[in-house]
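Structural description and commentary
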Amino acid sequence: MAHMTKRDQFFHEIRKLLDDQVMFKLILSKPRPGVDARSAMVTLIEEDGVRQFKYVEKTATQHFTQVVPYVAFYAYLEEKLTHQFYYCELFSEQGNGALLQNQKGTATFIRKKGTTKVETASHNREKDYFIAEDSPFLELLGISSTNGRVFEHANRKYRQINKFVEIINSLIEGHAQTLTIADMGSGKAYLTFALYHYLTLQKGMKVELTGYEIRQELVDQCNGYAAKLGFENLKFVCANIEAVKIDAVDMVISLHACDIATDMSIFAGLQARATYMVLAPCCHKQIRKQIELRNGILKHGILLERQAEIITDAIRALVLEDHGYKTKVFEFISAEHTSKNTMIIARKHHKNDHAALEIKDIKETYGIRFHYLEKLLEIKY
Ligand SMILES: C[S@@+](CC[C@H](N)C(=O)[O-])C[C@H]1O[C@@H](n2cnc3c(N)ncnc32)[C@H](O)[C@@H]1O
């Protein structure tokens with residue numbers, strides 16, 4: 001390989017990956033003079049067993065997508081790295097690397113530490129992304145780089161953000177162009193910023209979103225970010241959810257707020273007659289302590305814990321149904337490696353006349369004295 005230039009070595013590597021059908025992805029950056037595009041991302045896509053490359057080029061304001069046949073890709077890449085971009089990062093299961101070229105025509109090919117597991121995507125996958133990778137809030141929150149690319153380590157969070165926005169988008173279909181939202185336990189507020197960004201900048205809605213968070217430092221940090229982004233109607237307030245009183249609101253969100261904080265959020269939503277509630281509960285301790293039933297399943301701690309989660313969330317959904325909501329319980333993408341990924345969404349509808357009886361039945365079966373919502377609502381099922 002001594003006679004090869006560094007650029008040749010890079011293309012030799014690409015040729016080998018193509019011939020061996022090894023999965024890889026590329027990120028092209030550092031545009032050549034006069035080129036509008038800032039960067040481009042190349043991923044492998046597979047449909048009906050046919051592999052092709054998807055090339056997504058980004059300018060400051062737009063994305064252009066082109067699908068390149070597998071056999072034509074090598075020449076296509078050569079062209080791009082000769083006329084449009086200087087840099088190309090390579091990620092593959094066989095090793096990562098980067099081709100760095102400069103204006104003088106000098107090239108370096110460096111091998112980086114580590115390997116990257118690359119998966120093929122279906123052709124339409126990008127369409128699922130409601131939030132563009134180069135959205136300014138993603139950079140500010142440390143999810144995307146200054147080049148507008150989502151960091152490798154933040155991919156899971158990015159997918160979660162997109163899934164969340166997609167869920168809310170379908171939930172509010174047909175809603176008026178104004179929306180007030182209370183986010184209970186907003187934390188670092190990745191999802192909150194995403195939602196505000198999507199509804200205001202992409203859907204053109206008039207939104208007032210308030211995040212309630214008990215930790216003052218997070219409140220200050222998020223207010224700082226909102227100001228930097230010019231998100232005028234997004235604000236964060238330091239408060240305990242328990243003490244938050246909202247007169248009226250269209251939507252209450254409570255994502256991964258701990259244990260009974262979810263119940264406090266539901267209670268606040270009921271008091272405020274919210275049209276929508278979006279809940280991703282976590283840490284279900286309150287019910288677990290009360291379950292009296294012990295059988296072949298519940299004698300195992302882990303199964304008892306899972307059962308407690310199921311019961312807690314089932315009763316939450318039923319309480320909402322008893323209060324005139326239609327609910328859906330399903331799996332939400334978790335950003336952390338945790339099984340706590342259940343989502344409950346509720347939309348004002350009409351009362352489920354069987355809900356109260358169903359709650360009573362669950363409580364009796366498992367020997368549960370009270371669900372925290374009963375305490376808050378001062379009712380006994
Ligand atoms: C796991 S974080 C989730 C943050 C954000 N909602 C998300 O899903 O990315 C939970 C947040 O809720 C806050 N929290 C928990 N209990 C609370 C309460 N009673 N009142 C206000 N904030 C609370 C915590 O301080 C923490 O920042």
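Residues numbered from 1 in each chain as written. Predicted model: local features only at pLDDT ≥ 70, side-chain atom pairs only at ≥ 80, totals over all residues. Heavy atoms only, no water.

Re the overall build of the protein
Within the protein one finds 10 helices and 14 strands. Overall, the protein is about 80 × 50 × 35 Å in size when its C-alpha atoms are taken along their principal axes. Residue pairs in contact within the protein that sit at least 24 positions apart in sequence constitute 66% of those at least 6 positions apart. For the protein, the centre of its 50 positive side-chain charges and the centre of its 47 negative side-chain charges are spaced 3 Å apart. (Helix = DSSP H or I, 4+ residues; strand = E, 2+ residues; numbered from the N terminus. Contact = heavy atoms within 4.5 Å. Lys, Arg positive; Asp, Glu negative; His and termini not counted. Charge placed at Lys NZ, Arg CZ, Asp CG, Glu CD.)

Some remarks on the nonpolar core
Judged by nonpolar contacts, the single largest core of 46 residues is most densely connected at Phe-164, Phe-193, Met-251 and Val-278. Apart from residues lying up to four places away in sequence, Met-251 is in contact with Ile-168, Leu-171, Ile-172, Leu-179, Thr-180, Ile-181, Ala-182, Ala-274, Tyr-276 and Val-278. Ala-261, Val-319, Leu-320 and Tyr-381 belong to the second-largest nonpolar core, a separate cluster that totals 43 residues. (Core = buried A, V, L, I, M, F, W, Y, C linked by side-chain atoms within 4.5 Å. Buried < 20%, exposed > 50% of the residue type's maximum accessible area, 1.4 Å probe, protein only.)

A closer look at the environment of Ile-14
With respect to the helices and strands, Ile-14 occurs in helix α1 (residues 6–19). In contact with Ile-14, other than residues within four places in its own chain, are Phe-24, Leu-26, Tyr-74, Leu-77 and Leu-90.

A look at the domain arrangement of the protein
Assigned domains of the protein: these are domain 1 (6–128) and domain 2 (161–377). Taking the mean C-alpha position of each, domain 1 and domain 2 sit 41 Å from one another. (Domains from an automatic or database assignment.)

Some details on the packing of aromatic side chains
One pair of aromatic rings is described through two measures. These are the centre distance and the angle between the planes. Applying the stated criterion across every chain, the model contains 15 aromatic pairs. Measuring from centroid to centroid gives 4.0 Å for Phe-53 and Phe-73, while their planes differ by 25°, and the two rings are stacked. With Phe-53 in strand β3 (residues 50–58) and Phe-73 in helix α2 (residues 73–83), the pair connects residues that are 20 residues apart, well separated along the chain. Assigned by exposure class, Phe-53 and Phe-73 land together as buried. Aromatic ring contacts, followed pair by pair, group Phe-193, Tyr-196, Tyr-225, Phe-231 and Phe-236 into a single cluster. Here the basic side chain of Arg-15 rests over the ring of Tyr-74, its NZ or CZ set 4.1 Å away from the ring centre. Between the NZ or CZ atom of Lys-25 and the centre of the ring of Phe-91, over which it lies, the distance is 5.7 Å. (Phe/Tyr/Trp six-rings, centres within 6.5 Å; stacked < 30°, edge-to-face > 60°. Lys NZ or Arg CZ within 6 Å of the ring centre and 35° of its normal.)

So, α1
Along an α-helix, a turn takes 3.6 residues, which lines up residues three or four apart on a common side. Helix length check: α1 (14 residues) gives 20 Å between terminal C-alpha atoms against 20 Å at 1.5 Å per residue, within 8%. Taken together, the buried positions of α1 are Arg-7, Gln-9, Phe-10, Phe-11, Glu-13, Ile-14, Leu-17 and Leu-18. The inward-facing, buried residues of α1 contact β1 (24–31), β3, α2, β5 (85–92), β6 (96–101) and β7 (107–112). Gln-21 occupies a position one or two residues after α1 and carries a positive phi of about 55°. (Expected span 1.5 Å × (residues − 1).)

Brief notes about the packing of helix α4 (residues 155–171) against helix α5 (residues 190–202)
Between α4 and α5, the shortest axis-to-axis distance is 10 Å and the interhelical angle comes to 50°. Considering their axes alone, α4 and α5 lie oblique with respect to each other. Where α4 crosses over α5, the two elements pack in a sense that is right-handed. Taking contact as the criterion, the partners of Lys-157, Gln-160, Ile-161, Phe-164, Val-165, Ile-168 and Asn-169 in α4 are, on α5, Tyr-190, Leu-191, Ala-194, Leu-195 and Tyr-198. Here the residues of the contact of α4 with α5 sort into 9 nonpolar, 2 polar and 1 charged. (Axes fitted to C-alpha atoms, helices over the stretch in contact; angles between N-to-C directions. Parallel < 35°, antiparallel > 145°, perpendicular 65-115°, else oblique. Left-handed = near helix turned anticlockwise from the far one by under 90°. Nonpolar A, V, L, I, M, F, W, Y, C, P; charged D, E, K, R; others polar.)

A word on helix α8 (residues 301–322)
Here α8 contains 22 residues, and its C-alpha end-to-end distance of 31 Å stays within 8% of the 32 Å for a straight helix at 1.5 Å per residue. With its phi angle positive at about 90°, Gly-324 sits one or two positions after the end of α8.

Some remarks on the site of the ligand
The immediate surroundings of the ligand are formed by 14 residues, with Gly-185, Glu-213, Ile-241, Leu-255 and His-256 found nearest. At 2.9 Å, a side-chain N or O of Asn-240 approaches a nitrogen atom of the ligand. One nitrogen or oxygen atom from the main chain of Leu-255 is found 2.8 Å from a nitrogen atom belonging to the ligand. Compared with its free state, where it exposes 590 Å², the ligand has 79% of that area covered by protein. (Near = heavy atom within 4 Å. Polar contact = N/O pair within 3.5 Å; in protein donor to acceptor, adjacent residues only side chain to side chain. Areas by Shrake-Rupley, 256 points an atom, 1.4 Å probe, with all protein chains shown as cover.)

A short note on the pairing of β1
Burial analysis of β1 places 6 of its 8 residues in the buried class, the great majority of the element. In this structure, β1 lies alongside β5, joined through 7 bridges in antiparallel fashion. Across the sheet, the residue bridging to Ile-27 is Glu-89, located in β5. As paired strands, β1 and strand β2 (residues 39–47) are joined by 3 bridges and run antiparallel to one another. Paired with Ile-27 across the bridge in β2 is Met-41. (Pairing = 2+ DSSP bridges.)

Things to note about unusual backbone geometry
Unusually for a residue other than glycine, Ala-189 sits at a positive phi of about 65°. Examined against the element boundaries, Ala-189 turns out to sit in the loop between β8 (178–184) and α5. The phi angle at His-256 is positive, at roughly 60°, despite the residue not being glycine. As for its position among the elements, His-256 is in strand β11 (residues 251–258). For His-256, a relative accessible area of 25% puts it in the partly exposed group.

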